[in-house]
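One letter stands for each residue in the lines below.
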Amino acid sequence: MSLFVISTVVWLAVVFLSVISGIESNWLEKLTSVHAPLRIYPTEAYYKKSREFQSRFSFATLQEEIENPQENALAKKLLSALETLQNDAPLPYQEYEWAPSLMRLSLTQGDRFSQLSQMSYLLSFPTKNPRLSKLLIPPSSEDLKNLLRTLKSGKDFARFFHHVRLEKGTLPARLPLKIQDLQDASFPCEATLREGQLQTVTIDPSKPGEAVLKIEGNKATLTLHGQRYPVEKSVPLFLEHGQARSWILDHSFLPSIKKGGEARIVAKVPLGQKTVRIPLFLHQIKSPVFSAQNRFKTFPSPLPLWAYFAAGKWHLPPRDQQAVILPVSYRKSGALMGHSGSFSFMASTFTSIQEMQIPFHVVGFYDPGIIPIGNRCIYTHQEVTQTLLSSSQMLPYFQEKQNGFFLWPSLDDLPLAKKRALMALEKAYLSNYFQVETFHEYPFAKELMAQFQSDRLLFLLIATIMILVACSNIISMLIILVKDKKREIAILCSLGASKKSIACIFGSIGMILGTVGSLLGSFVAILTLQNLPKLVQFLSWLQGHDAFQEAFFGKTLPNSLSYDALFFMLMVTPFLSLCAGIIPAYMASRVHPTKTIRS
């Protein structure tokens with residue numbers, strides 16, 4: 001019984017701690033994906049020094065000062081220091097800018113119109129972020145259909161259809177066919193006659209048909225009730241309930257179309273042993289399902305209308321309006337690719353402070369993970385953030401952290417990367433002008449990190465208490481065993497066994513139970529983690545809904561083994577089991593052989 005209890009506790013503890021550790025790793029990865037795990041930003045001393053060289057009173061970003069030869073050289077020295085970091089080991093970095101703004105997003109779907117207003121944080125698009133591919137969500141079919149409805153120029157239609165593929169769709173109930181497309185084949189069909197003359201011929205794969213259409217070369221004959229009728233080219237030939245096997249876009253008509261529905265699509269429809277190519281307009285296809293290509297080896301031509309990966313990094317598409325990538329939570333409000341809006345900010349003019357607007361359109365969505373500002377952080381072009389930082393009169397108190405450099409080391413190498421960055425700044429005499437900060441020190445991350453640490457300590461405490469409860473069972477079992485074996489203990493003592501050897505016998509029993517139980521429980525825990533998705537499916541089936549919410553735990557629960565948890569259980573359990581055997585061992589060593597044998 002004690003062995004079963006210990007193995008069960010170890011099994012539950014290892015599985016539980018491994019899943020919790022995996023969830024924490026996923027959260028940390030998402031937490032450091034939107035904002036890099038390490039950043040360098042100017043201090044107040046930098047801006048005091050910078051104002052001595054500036055001939056303007058507006059805020060200048062680091063990038064503007066680097067590009068301007070008349071500006072302060074501190075920003076250029078920082079860039080040189082970051083370049084020296086690449087000599088020892090590659091460390092991706094990029095300048096970042098973020099600025100607050102009031103976002104107004106117009107949500108138009110058919111005849112319905114609504115507007116979403118929210119105070120947001122605009123972050124310059126981090127093209128060198130190595131984790132960006134895990135954040136960005138590929139365009140969905142609904143996104144592409146809404147984007148298509150917003151296009152107006154032939155150039156935009158070409159940019160859209162060159163990188164979009166029609167995956168599924170429903171053909172019209174009746175499609176016109178040509179005899180030359182059905183050469184050397186025969187099909188069951190239905191025909192309508194009027195005064196002995198053929199009026200229409202219909203091929204329906206879902207019905208057997210009472211007539212047979214036979215085509216040899218360019219000649220077609222119809223056999224109906226034993227009589228043969230010639231089928232002239234003027235006789236309409238139709239296909240009903242056809243199913244397309246694949247779709248091909250006719251690019252030759254793209255320059256001339258004015259609406260998305262005018263795009264020409266060629267449907268490949270299987271008909272008997274042949275495949276018929278039927279030209280259609282896009283608006284004739286019901287419930288189309290699109291997919292888009294967003295990854296390329298080299299820069300595509302023409303450029304797509306959504307965020308795309310080319311030449312080793314991500315890019316925002318150029319259009320008349322600024323492009324933005326919204327958090328995926330905006331989809332719940334009805335936001336789709338193609339929707340447009342504007343960013344509002346207050347700017348100074350010669351006579352007063354006026355509200356200015358920057359128009360934008362949505363080109364994609366990203367998953368921000370679980371961070372406090374995740375639903376308010378928007379990716380956009382750096383020109384937008386520069387305009388806001390240079391002109392806006394809103395929230396000037398955080399200008400030190402609104403501009404700087406993101407660095408993307410691995411989380412395991414984060415302490416070493418920070419040390420390298422500090423040494424590079426000291427070597428360039430910039431340590432007074434720039435601050436190095438890890439994500440543990442970010443204002444929006446401190447609470448989460450503290451919660452992670454508290455949860456980890458709480459779970460370890462619970463696991464330890466569970467082991468103590470299990471080990472108390474060993475104490476009870478060994479005490480009962482000592483009382484039952486008093487006569488045998490007395491006989492051993494009378495034969496010359498020492499009290500120390502008697503204590504070691506009962507103490508080793510507890511340690512053996514703990515060791516075997518921890519090994520058995522660890523083995524079962526590894527099997528459980530390997531089959532965790534099936535267990536989650538079973539729990540979801542029992543409840544009738546998802547057992548774990550995707551927003552908090554991801555699409556699947558982490559099932560990787562936590563070696564820290566395994567090491568903790570394999571070390572602590574035998575030790576506590578040994579401690580549990582001390583009390584019964586002491587009782588066994590205190591047995592008086594003479595009194596016990598006499599009794």
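Before any of the text, the structure's been laid out above.
Residues numbered from 1 in each chain as written. Predicted model: local features only at pLDDT ≥ 70, side-chain atom pairs only at ≥ 80, totals over all residues. Heavy atoms only, no water.

A. Structural detail: the overall build of the protein chain. On a plain count of helices and strands, the protein chain comes out with 17 helices and 24 strands. Partitioning the contacts of the protein chain with sequence separation of at least 6, the portion at a separation of at least 24 is 74%. For the protein chain, the exposed surface amounts to about 32200 Å²; the carbon and sulfur share of it is 57%. (Helix = DSSP H or I, 4+ residues; strand = E, 2+ residues; numbered from the N terminus. Contact = heavy atoms within 4.5 Å. Areas by Shrake-Rupley, 256 points an atom, 1.4 Å probe, with all protein chains shown as cover.)

B. A look at the packing of aromatic side chains. Applying the stated rule across the entire model yields 13 aromatic pairs. With a centroid separation of 4.8 Å and 40° between ring planes, the pair formed by Tyr-366 and Tyr-379 is classed as tilted. With Tyr-366 in strand S21 (residues 353-366) and Tyr-379 in strand S22 (residues 377-380), this pair connects stretches of sequence that are 13 residues apart. Per residue, the accessibility class of Tyr-366 equals that of Tyr-379, and both read buried. Looking at Arg-264, its charged tip hangs above the ring of Phe-253, at a distance of 4.0 Å from the centre. The ring of Phe-309 has Arg-295 sitting right over it, with the charged end atom 4.5 Å from the ring centre. (Phe/Tyr/Trp six-rings, centres within 6.5 Å; stacked < 30°, edge-to-face > 60°. Buried < 20%, exposed > 50% of the residue type's maximum accessible area, 1.4 Å probe, protein only. Lys NZ or Arg CZ within 6 Å of the ring centre and 35° of its normal.)

C. Focus on the sheet that holds strand S13 (residues 246-249). The three strands are arranged S13-S14-S15 in an open sheet whose pairing can be described as antiparallel. The strands lining the two open edges of the sheet, one partner per strand, are S13 and strand S15 (274-281). Direction aside, neighbouring strands of the sheet carry axes that sit 25° apart on average. Relative to strand S14 (residues 264-271), S13 is paired through four bridges, and the arrangement is antiparallel. Bridging from a neighbouring strand, Ser-246 pairs with Lys-268 of S14. (Pairing = 2+ DSSP bridges. Axes fitted to C-alpha atoms, helices over the stretch in contact; angles between N-to-C directions.)

D. Here's a closer look at the sheet that holds strand S9 (residues 211-216). The seven strands are arranged S6-S12-S8-S7-S9-S10-S11 in an open sheet whose pairing can be described as mixed. A strand with exactly one partner marks an edge of an open sheet, and here the two such strands are strand S6 (174-176) and strand S11 (227-231). Neighbour to neighbour, the strand axes of the sheet diverge by 35° on average, direction disregarded.

E. A look at the environment of Asn-531. Tracing the backbone shows Asn-531 in the loop between helix H12 (499-530) and helix H13 (532-543). Separated by 28 residues in the primary sequence, Asn-531 and Asn-559 place their C-alpha atoms 8.2 Å from one another.

F. Structural context of helix H4 (residues 74-85). Taking 1.5 Å as the rise per residue, H4 with 12 residues should run 16 Å; its terminal C-alpha atoms sit 17 Å apart, in good agreement. Burial in H4 covers these residues: Leu-74, Ala-75, Leu-78, Ala-81, Leu-82 and Leu-85. Down the axis of H4, the buried side of the element spans an arc of 115°, and every buried residue falls inside it. (Expected span 1.5 Å × (residues − 1). Arc of directions from axis to C-beta.)

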